[in-house]
Amino acid sequence: MTRVHDMGGRFGDGRIDPGHPEDPIYAQDWHARALAVTLAAGALGQWNIDMSRHARERLSPRDYTDFSYYEKWISALADLLVDTGVLSADDLAGQGDDTRHPLAERALKAEDVAAVLARGGPADRPMTGMPAFAPGQRVRCLRPAANRAVDGGHTRLPAYAAGAEGQILRCHGAHVFPDSNAHGLGEAPEPLYTVVFAAAELWAQPERPGDEVMLDLWQSYLEPA
Amino acid sequence: MLRGMAHDHHDHDHAHALLPPDPALRVRALETLLSRKGLIDPAALDEIIDTYQNRIGPKNGAQVVARAWADPEFRAALLADATPVVADLGFFGRQGEHIVAVENTEEVHNMVVCTLCSCYPWPLLGIPPAWYKSDAYRARAVREPRAVLADFGVTLPEGVKLRVWDSTAEVRYLVIPRRPAGTEGMSVDDLARLVTRDSMIGTGLAREPGA
């Protein structure tokens, strides 16, 4: 029901290399280009952030595992450009033409970069009606963790929290619902909550039972406990 | 036919397999293709790269933390609703539209991860470091955060509760580390120099003065 990107709680990954504070921002020149090409192509407005996350998640498990971070970005971007019809498979194969694209007038200009990055893309939307849950209330996450509208679709409920019981800490108001927005089904905003889970609720052998994991979860991921 | 012949080791159902397999060449191919069609402007790419190389980084977050240490009213406003408070300092935008500040205390230590991808408060901390995006951090931070902290050389005092924030939505978390002892009367700028990037993610502590 889940995909390879959903790795919270997984065993076997080994030690973390904390690196050094003076490490370069971009380890390779092409990392910087991959980041910039991805952001600039996103500014064409042909997809939203949930679609771009889902494009990375839809890489095959083998590619997702083998690819480095920015390799995932650039490969998912190529997939997205073809899926949305901005480019054709012939273009990617080097058999397209170089005529000016109909979307070229939307290309991000250098002088607009600062404003576009500063504007960002707020995900909050006006609340319609009252939130179903109040701070302090006990809730349970749906099980399994999966998109309810699209089989194998995008969701932001991690598998490790499926079926787990927690407590509402706060409501952030209504936010765009990724499970819908990633599939072009509309923003479908709904209340977003921070939910607190005791480590003992999530893990068979908790490191410390009283430690906590906090997750931001949409209302339809939750039911009263 | 071309797909299978040229890139046998890649997934054939995805368009990306049509591009050269070497990642640096893959980026260059896509950049060339998009700029020839007028869809991206190379000068805009340079501007984006420069922004996160030189203008937006952990120094932003360190200013916020130092002010929170020095100014009780600022700290209270930050903890109540951080988004407008950091926006007033000019820190707003992509991957930082909704900010929550969480404060480390004698009783609680906070640590941030994104187990599903690599969500991170860009306007405050810049581009995430490699370890934050690694499989090992994403997999382990929620299940064994204390073992993860040990990899960073951090041991929490006995009795401190650990809270791991898995930032699965568009809310981004900034950890306010504990103010080091011996920093009374220091200026905001001097305090900011003690605030490390990792201390604002929760995998480190603020520097001791003189350390």
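Residues numbered from 1 in each chain as written. Chains lettered and ligands numbered in written order. Predicted model: local features only at pLDDT ≥ 70, side-chain atom pairs only at ≥ 80, totals over all residues. Heavy atoms only, no water.

K.L.:
Lay out the overall build of chain A in plain terms, naming residues and giving numbers.
P.N.:
Helix and strand counts for chain A come out as eight helices and six strands. Listed N to C, the secondary structure of chain A is α-α-α-α-α-α-β-β-β-α-β-α-β-β in terms of helices and strands. Classification of the 225 residues of chain A by burial places 50% in the buried group. Considering only residue pairs separated by 6 or more positions, chain A has 66% of its internal contacts joining residues 24 or more positions apart. If you sum the accessible surface of chain A, you get close to 10,300 Å²; carbon and sulfur atoms cover 51% of it. Here chain A carries 21 positive and 32 negative side-chain charges, and the mean point of each set is 3 Å from the other. (Helix = DSSP H or I, 4+ residues; strand = E, 2+ residues; numbered from the N terminus. Buried < 20%, exposed > 50% of the residue type's maximum accessible area, 1.4 Å probe, protein only. Contact = heavy atoms within 4.5 Å. Areas by Shrake-Rupley, 256 points an atom, 1.4 Å probe, with all protein chains shown as cover. Lys, Arg positive; Asp, Glu negative; His and termini not counted. Charge placed at Lys NZ, Arg CZ, Asp CG, Glu CD.)

K.L.:
Residues and numbers for the environment of D189 of chain B, please.
P.N.:
Mapped onto the secondary structure, D189 of chain B falls in helix α11 (residues 188-192). Counting along the chain gives 77 residues from D189 of chain B to V112 of chain B, while the straight-line C-alpha distance between them is 25 Å.

K.L.:
Just give me the short version of the packing of helix α4 (residues 69-83) of chain A against helix α2 (residues 23-36) of chain B, but keep the residues and values in it.
P.N.:
Interhelical geometry of α4 of chain A versus α2 of chain B gives an angle of 35 degrees and a closest axis separation of 10 Å. Every pair of crossing elements has a handedness; the one defined by α4 of chain A and α2 of chain B is left-handed. Taken together, the residues of α2 of chain B that come into contact with α4 of chain A (itself represented by E71, I74, S75, L77, A78 and L81 of chain A) are P23, R26, V27, L30 and L34 of chain B. In the contact of α4 of chain A with α2 of chain B, the residues fall into eight nonpolar, one polar and two charged. (Axes fitted to C-alpha atoms, helices over the stretch in contact; angles between N-to-C directions. Left-handed = near helix turned anticlockwise from the far one by under 90°. Nonpolar A, V, L, I, M, F, W, Y, C, P; charged D, E, K, R; others polar.)

K.L.:
Outline the domain arrangement of chain B, supporting the account with residue identities and numerical values.
P.N.:
Taken domain by domain, chain B holds domain 1 (21-55) and domain 2 (57-201). Between the C-alpha centres of domain 1 of chain B and domain 2 of chain B there is a distance of 30 Å. (Domains from an automatic or database assignment.)

K.L.:
Explain the UniProt feature "domain: Nitrile hydratase beta subunit" (unreviewed entry) in chain A to me, and be specific about the residues and the numbers.
P.N.:
In the numbering used here, UniProt assigns the feature "domain: Nitrile hydratase beta subunit" (unreviewed entry) to residues 122-224 of chain A. What you have in residues 122-224 of chain A is 8% helix and 35% strand, and the ends, taken at the C-alpha atoms, are 28 Å apart. (UniProt positions renumbered as here; feature names shortened; annotations may be inferred.)

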